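Structural overview
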Amino acid sequence: MEKSTTLIKRSAINIHQLDSIKIGDMLSDEYGKSGKVCGIEKINRFGEVQYYFKLLKSGTILIIV
């Protein structure tokens, strides 16, 4: 069974939705970058949270909350 793609809109996303994304999920952003998540890094820095989603063969999606 294939999973559906999760669309990330930076203006309408919250931390709980970002925390629910796991390795192996399909991810897409509003700029057209999409792919399968092969790595996740979460960094707390200066009162903000940075999420780096490494995509298989497609680069990285960065979300700052």
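Residues numbered from 1 in each chain as written. Predicted model: local features only at pLDDT ≥ 70, side-chain atom pairs only at ≥ 80, totals over all residues. Heavy atoms only, no water.

Brief notes about the sheet that holds strand E3 (residues 34–45)
Sheet strands associate in pairs through backbone hydrogen bonding, adopting either a parallel or an antiparallel arrangement. Strand order in the open sheet formed by five strands is E1-E2-E3-E4-E5, with mixed pairing between adjacent strands. The open sheet has two edge strands with one neighbour each: strand E1 (5–8) and strand E5 (59–64). Between one strand axis and the next, the sheet turns through 35° on average, direction left out of account. The pairing of strand E2 (residues 26–29) with E3 spans three bridges and is antiparallel. The residue of E3 that forms the bridge with Ser28 is Ser34. (Pairing = 2+ DSSP bridges. Helix = DSSP H or I, 4+ residues; strand = E, 2+ residues; numbered from the N terminus. Axes fitted to C-alpha atoms, helices over the stretch in contact; angles between N-to-C directions.)

A few points about the nonpolar core
Grouped together as the largest cluster of nonpolar side chains are twelve residues: Ile8, Ile13, Leu18, Ile21, Leu27, Val37, Val49, Tyr51, Phe53, Leu55, Ile61 and Ile63. Elements with a minimum of two residues in this core: strand E4 (48–55) and E5. If near-sequence neighbours (up to four positions away) are discounted, Ile63 is found in contact with Ile8, Arg10, Ile13, Leu18, Val49, Gln50, Tyr51 and Phe53. (Core = buried A, V, L, I, M, F, W, Y, C linked by side-chain atoms within 4.5 Å. Buried < 20%, exposed > 50% of the residue type's maximum accessible area, 1.4 Å probe, protein only. Contact = heavy atoms within 4.5 Å.)

Brief notes about the side chain of Gln50
Position of Gln50 among the secondary structure elements: in strand E4. According to the relative accessible area criterion, Gln50 is buried, its value standing at 10%. One polar contact links Gln50 to Glu48, side chain to side chain, over a distance of 3.1 Å. A distance of 3.2 Å separates polar atoms of two side chains, one belonging to Gln50 and the other to Tyr52. (Polar contact = N/O pair within 3.5 Å; in protein donor to acceptor, adjacent residues only side chain to side chain.)

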